[in-house]
Amino acid sequence: MTTSTILVINGPNLNLLGARDPNQYGAKTLDEINQILQNEFNTLSPSGKIYFFQSNHEGAIIDFIQQERTASGLIINPGALTHYSYALADALRDFPGKKAEVHLSNILERETWRAVFVTRDACDQVFMGKREDSYREALAWILGQLKASI
Ligand code: DQA
């Protein structure tokens, strides 16, 4: 992939958005959220490319990050992997581009086990607690970072 490419990666159970607890995750499906991001990306970065990937499997997500390591940035909602996956944290550390971690809910205000996030330190910025707007903020931030670094 070229240097003007952004990846949007979603981990386990996020394929079920729309059917999961709307109080935590909002009512939008993952396809709807991805469409919002695609539209905003088209406006903000018309010459770039944005790719969407979702998997329920830790290894598949790590393979994807390794395979696409020439992309200029990524936005990731690791789902529950955020709370325990040192393997994913290392894969993120080894990805050279800009990295934004996203959560729909505010994981600091839920069960205590969710307040531990091991992937956080491997990312440059975290956006959470604003449902789909967490992704929108992450996209705006990452494009701003890339513009500033040109
Ligand atoms: C989540 C929060 C995680 O704790 C949870 O396991 C998810 C979604 C969020 O977007 O709020 O699957 O990452």
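What counts, and at which threshold
Chains are numbered independently. Their residues run from 1 in the order of the written sequence. Totals for whole chains, interfaces and linings use all residues, but because this is a predicted model, local features are given only for residues with pLDDT of at least 70 and pairs of side-chain atoms are given and counted only at 80 or more. As a rule here, side-chain values cover all heavy atoms of the structure and leave hydrogens and water aside. Counted as salt bridges are all cases of a side-chain nitrogen of Lys or Arg within 4 Å of a carboxyl oxygen of Asp or Glu. Throughout this description, buried means an accessible area under 20% of the type-specific maximum (1.4 Å probe, protein chains only), exposed means over 50%, and partly exposed covers the range between. Distances are taken per atom, and a residue is near a molecule or strand as soon as one of its heavy atoms is within 4 Å of it. Each polar contact in these results corresponds to two N or O atoms within 3.5 Å; when the atoms are within protein, one needs to be able to donate a hydrogen and the other to accept it, and residues that are neighboring in sequence are counted only if both atoms are side-chain atoms. Calculation of accessible area relied on Shrake-Rupley with a 1.4 Å probe; when residues are assessed, cover is drawn exclusively from the protein chains displayed. In this count, Pro and Cys sit with the nonpolar residues alongside Ala, Val, Leu, Ile, Met, Phe, Trp and Tyr, while Asp, Glu, Lys and Arg are called charged and the others, Gly among them, polar. Per the convention used, a helix needs a DSSP run of H or I reaching at least four residues, while a strand needs a run of E reaching at least two, with both numbered from the N terminus. The contact criterion used throughout is that any non-hydrogen atoms of two residues lie within 4.5 Å. The set of buried Ala, Val, Leu, Ile, Met, Phe, Trp, Tyr and Cys residues whose side-chain atoms join them within 4.5 Å is what this entry labels a nonpolar core.

Caption draft 1: Summary view of the pattern of salt bridges. If you walk through the whole model with that rule in mind, you get six salt bridges. Arg110 is the partner of Glu111 in a salt bridge, and the nearest nitrogen-oxygen pair spans 3.8 Å. Among the residues examined, Glu111 registers a relative accessible area of 34% and is labelled partly exposed. Notably, a salt bridge pairs Lys130 with Glu137, separated by 2.9 Å at the nearest N-O pair.

Caption draft 2: Broad picture of the site of the ligand. Lining the immediate environment of the ligand, one finds Arg20, Tyr25, Asn77, Gly79, Ala80, His83, His103, Leu104, Ser105, Ile107 and Arg114. Take His83: an N or O atom from its side chain is 2.7 Å from an oxygen atom of the ligand. For the ligand, the accessible surface in isolation is 320 Å², of which the surrounding protein chains cover 98%. Here the shell around the ligand is composed, by residue class, of four nonpolar, five polar and two charged.

Caption draft 3: Fine view of the side chain of Asn34. Within the fold, Asn34 resides in helix H2 (residues 30–44). Exposure remark for Asn34: the relative accessible area of 13% places this residue in the buried category. With residues near it in sequence (within four places) discarded, Asn34 still touches Val8, Asn10 and Phe52.

Caption draft 4: Main features of the nonpolar core. In terms of nonpolar packing, the biggest core is built from 22 residues, with Ile6, Ile75, Leu139 and Ile142 touching the most fellow members. Elements supplying a minimum of two residues to this core: strand E1 (5–10), H2, strand E4 (98–103) and helix H5 (132–149). Looking at this core, the element that brings in the most residues is H5, giving seven residues. Leave out the neighbours within four places in its chain, and Ile6 touches Phe41, Lys49, Ile50, Tyr51, Gly73, Ile75, Ile142, Leu143 and Leu146. Of all hydrophobic cores here, the second largest spans 17 residues; its members include Ile61, Leu81, Leu92 and Cys123.

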